[in-house]
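# Structural features, examined
Spelled out, the chains give:
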Amino acid sequence: MENNSQPDKYLIQIGIFTWKQTLQKSDEILNLAERHSDISQALSACAFILLSSALDQGVRSAISIARSQAKVDGEPLIHYDQLEKAPFLTRVMELPKLLTNRSLYLDPNNPHTKALKELVHLRNALLHISEDVKEFTESDSRVTSDEDHLVVRIPKTENPWDSVPLDQAHKFREAVGVYFREVLDPEKLVPGEIISRLPR
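Residues numbered from 1 in each chain as written. Predicted model: local features only at pLDDT ≥ 70, side-chain atom pairs only at ≥ 80, totals over all residues. Heavy atoms only, no water.

## Describing the overall build of the protein chain
For the record, the criterion: Elements are defined by DSSP. Helices are runs of H or I of four residues or more, strands are runs of E of two residues or more, and each kind is numbered from the N terminus. The size measure is the radius of gyration over C-alpha atoms, and the globule rule it meets is 2.2 Å times the number of residues to the 0.38 power. Burial classes follow relative accessibility: with a 1.4 Å probe on protein chains only, a residue under 20% of its type's maximum area counts as buried, one over 50% as exposed, and anything between as partly exposed. Should any heavy atoms of two residues lie within 4.5 Å, those residues are counted as being in contact. The method behind every accessible area is Shrake-Rupley, applied with a 1.4 Å probe, and residues are considered shielded solely by the protein chains displayed. Note that His is not counted, nor are the chain ends; the positive residues are Lys and Arg, and the negative ones are Asp and Glu. Here the site of a charge means NZ on Lys, CZ on Arg, CG on Asp, or CD on Glu.
Counting secondary structure elements, the protein chain contains 6 helices and 4 strands. Tracing the protein chain from N to C terminus, the helices and strands come up as α-α-α-α-β-α-β-β-α-β. Over its C-alpha trace the protein chain gives a radius of gyration of 24 Å, far above what one expects of a compact globule, namely 16 Å for 200 residues. With the C-alpha coordinates aligned to their principal axes, the bounding extent of the protein chain is approximately 110 × 40 × 40 Å. Residues classed as buried in the protein chain amount to 36% of the 200 residues present. Expressed as a percentage of contacts within the protein chain between residues at least 6 apart in sequence, the contacts between residues at least 24 apart total 70%. Accessible surface, the protein chain: about 13,600 Å² in total, of which carbon and sulfur atoms supply 50%. Counting 24 positive and 30 negative side-chain charges, the protein chain places the centres of these two groups 8 Å from one another.

## Digging into the pattern of salt bridges
Our working definition: Salt bridge criterion: a side-chain nitrogen from Lys or Arg within 4 Å of a carboxyl oxygen from Asp or Glu.
Evaluated as defined, the whole model comprises 9 salt bridges. Here Arg91 ties to Asp56 by a salt bridge, and the two come within 2.6 Å at their closest N and O atoms. Pair noted here: Arg91 is in helix 4 (residues 88-99) and Asp56 is in helix 2 (residues 40-72), with a separation of 35 residues, a long-range link. The burial state of Arg91 is the same as that of Asp56; both residues are buried. Between Lys97 and Glu94 there is a salt bridge, with its nearest N and O atoms 3.5 Å apart. One end of the pair, Lys97, and the other, Glu94, are both in helix 4, 3 residues apart, so they sit about a helical turn from each other. A relative accessible area of 17% places Lys97 in the buried class. Take Glu94: its relative accessible area is 26%, and that puts it in the partly exposed class. Each member of the salt-bridge network shares a partner with another, and the members are Asp56, Arg60 and Arg91.

## Examining the side chain of Ser103
Following the sequence through the fold, Ser103 ends up in the loop between helix 4 and strand 1 (104-106). Among all residues touching Ser103, those that are not within four sequence positions of it are Ser196, Arg197, Leu198 and Arg200.

## Let's talk about unusual backbone geometry
Excluding glycine, a negative phi dihedral is what most residues carry, and trans is how most peptide bonds are arranged. Phi angles above zero are rare outside glycine, and Asn101 is one such case at about 55°. Among the secondary structure elements, Asn101 is positioned in the loop between helix 4 and strand 1. Positioned with a positive phi, Arg102 is a non-glycine residue whose angle comes to about 65°.

## Points about the confidence of the model for the protein chain
What counts, and what does not: Every residue is assigned a pLDDT by the predictor, reflecting its confidence on a scale from 0 to 100.
Averaged over every residue, the pLDDT of the protein chain is 86; the share at 70 or more is 92%. Taking the mean pLDDT of every element in the protein chain, the minimum, 75, falls on strand 3 (residues 150-152) and the maximum, 96, on helix 4.

## Quick word on the environment of Arg181
Assignment of secondary structure puts Arg181 in helix 6 (residues 166-184). In this structure the C-alpha to C-alpha distance between Arg181 and Gly192, which are 11 residues apart in sequence, comes to 9.7 Å. Arg181 has contacts with Pro186 and Glu193, leaving out every residue within four places of it along the chain.

In structure tokens form, the structure reads like this:
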């Protein structure tokens, strides 16, 4: 007897993610910063950028995985699409809600969560350095002159790449590590150090 039934349909999903390797690279640079105190702040800033990149990669990967599963399950994709397009800090903060159907959230009062917010703001400052032209007029008190000289007195601008002390980079590393452990690594999110249950 001939079998006329349709073959089963299937979907294979493959994800290759490198955020853990990026996190390891930030650890290597932090170790270098500890051994080279003369350039530790610049190395800390570099490690910090890798940390924020690892966090961004991990969050984007988690959204992608969740979106793929939702598509297979026939769920609406609008919340996944909105979060994919949201600013970095919003993605970090809202991911636990998305992954748990709004039953868990990132505790905004936790010190690690506050460090993650600080990390995102500092990342934006380092990646979007604005050095605008300054304008002065003769009446400006910072401008003095005599017959032969014009003197403009403005404070020296600090190099933003020297603005991340090693202890601050370690604080950020710890916060990212907790986020990875509680949000990105587990198969199922549960309340923990930075994850709390939303009141019903």
